[in-house]
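Listed below are the residues making up each chain.
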Amino acid sequence: MAPGPAGRTPVFERRPTGGGAVAGAAEKAAPEKVVALTFDADMTADQGPRAKAGERFDNPELIALLRRLKVPSTVFMTGRWAEEYPAQAKGIGTDDLFEVANHSYSHYAFTADCYGLPVVAKDAMARDVERAFSAFRQAGVRNVVPYFRFPGGCYDDAALRALGPANVTAVQWDVVSGDAFATDAGAVAEQVLDGVRPGSLVVMHCTRSAAPVTAEAIGRIVPELRKRGYRFVKVSELMEG
């Protein structure tokens with residue numbers, strides 16, 4: 001997407017079509033039933049000691065399941081995650097089933113009052129994003145797309161201006177899976193299935209410690225959406241449509 005006014009970072013906000021209402025006679029064609037599943041591979045810059053103590057911020061079971069189910073997906077990865085799990089980052093980023101997008105280096109917030117996250121200084125925001133891209137290159141990640149997800153989804157006009165030099169498109173979502181810190185996979189699956197509409201973009205997580213039931217939920221979500229006629233796409237394909 002082209003930069004916005006005054007060099008602001010453009011924001012891709014999906015507005016699904018074909019909701020519960022009955023289509024009007026003027027509608028030319030039914031919307032294509034596509035959905036993009038996205039997974040945040042989160043790790044903050046200061047969580048190294050927790051990882052060293054055994055906490056797992058990865059989820060290889062989830063990635064293996066997506067491969068078995070042949071689900072094209074977009075992984076929004078932090079640079080710190082790529083540094084902690086370089087082999088997994090490379091495996092994801094060299095598999096054409098996936099594309100890797102930027103979720104910042106540190107997973108610190110780009111605005112104040114964002115879920116209690118530490119805040120990146122305005123003059124350091126573009127550098128934080130580039131540091132993540134550098135971590136991807138260092139890990140051997142190949143399938144990188146110029147998309148960015150704000151930690152917590154929090155941003156303001158100042159953040160959009162600050163990220164202008166990073167040449168990325170910010171990507172939001174319309175379906176929140178609720179998998180973060182969830183313990184009931186059925187409830188997560190139900191929330192996604194209730195929210196998805198043609199063209200939806202779903203946010204989920206790829207971190208065992210913070211989202212332990214995501215793989216189980218995916219095992220329910222994917223077959224049901226396919227039964228409903230949905231096709232899974234990466235964000236890049238969704239954006240093209």
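A brief look at the structure comes next. Just so it is clear, the structure is predicted and the values come from calculations on it, not from any experiment.

About the cut-offs
- Residues numbered from 1 in each chain as written.
- Predicted model: local features only at pLDDT ≥ 70, side-chain atom pairs only at ≥ 80, totals over all residues.
- Heavy atoms only, no water.
- Helix = DSSP H or I, 4+ residues; strand = E, 2+ residues; numbered from the N terminus.
- Rg over C-alpha atoms; globule rule 2.2 N^0.38 Å.
- Buried < 20%, exposed > 50% of the residue type's maximum accessible area, 1.4 Å probe, protein only.
- Contact = heavy atoms within 4.5 Å.
- Areas by Shrake-Rupley, 256 points an atom, 1.4 Å probe, with all protein chains shown as cover.
- Lys, Arg positive; Asp, Glu negative; His and termini not counted.
- Charge placed at Lys NZ, Arg CZ, Asp CG, Glu CD.
- Salt bridge = Lys/Arg side-chain N within 4 Å of Asp/Glu carboxyl O.
- Disulfide = S-S within 2.5 Å.
- Arc of directions from axis to C-beta.

**As for the overall build of the protein chain**
Within the protein chain, the secondary structure is distributed over nine helices and nine strands. Its C-alpha radius of gyration of 18 Å places the protein chain within 12% of the 18 Å reference for a compact globule of 241 residues. Considered along the principal axes of its C-alpha atoms, the protein chain spans approximately 55 × 45 × 35 Å. Looking at the protein chain as a whole, 52% of its 241 residues are labelled buried. Considering only residue pairs separated by 6 or more positions, the protein chain has 80% of its internal contacts joining residues 24 or more positions apart. Here the protein chain has roughly 10900 Å² of accessible surface; of this, 52% comes from carbon and sulfur atoms. For the protein chain, the separation between the mean place of its 28 positive charges and that of its 29 negative charges on side chains is 4 Å.

**Brief notes about the pattern of salt bridges**
Scanning all chains against the criterion turns up 15 salt bridges. Note that Glu55 is salt-bridged to Arg50, the shortest N-O span being 2.8 Å. Beyond isolated ion pairs, a larger network of salt bridges with shared partners links Arg8, Asp157 and Arg161.

**Concerning the state of the cysteines**
In total, this model carries one disulfide according to the counting rule given. Disulfide pairing is shown between Cys114 and Cys154; the S-S distance is 2.2 Å. On the sign convention where negative means left-handed, the S-S torsion of about 80 degrees between Cys114 and Cys154 marks this disulfide as right-handed. One end of the pair, Cys114, is in the loop between β4 (98-102) and α5 (125-139); the other, Cys154, is in the loop between β5 (144-148) and α6 (157-162), and 40 residues separate them in sequence. By the burial criterion, Cys114 is buried, and Cys154 matches it.

**A short note on the side chain of Ser106**
One can find Ser106 in the loop between β4 and α5. Accessibility expressed as a relative area gives 4% for Ser106, which makes it buried. The residues contacting Ser106, other than those within four sequence positions of it, are Met43, Thr44, Ala45, Val120 and Asp128.

**Focus: helix α4 (residues 86-93)**
All of the buried residues along α4 are Ala89, Ile92 and Gly93. For α4, the arc enclosing every buried residue in end-on projection is 90 degrees, short of the 170-degree limit, so these residues lie on one face. Those residues of α4 that are buried are in contact with α2 (60-69), β3 (73-77), α3 (79-84), β4 and α5.

**A closer look at the side chain of Asp40**
Tracing the backbone through its elements, the reader meets Asp40 in strand β2 (residues 34-41). Asp40 has contacts with Phe76, His103, Arg149, Val203, Met204, His205, Cys206 and Thr207, leaving out every residue within four places of it along the chain.

**Some details on the environment of Gly48**
As for its placement among the helices and strands, Gly48 is situated in helix α1 (residues 48-52). Each C-alpha atom, one on Gly48 and one on Asp96, is 29 Å from the other, the two residues being 48 residues apart in sequence. The contact partners of Gly48, leaving out residues within four places of it in the chain, are Met43 and Arg80.

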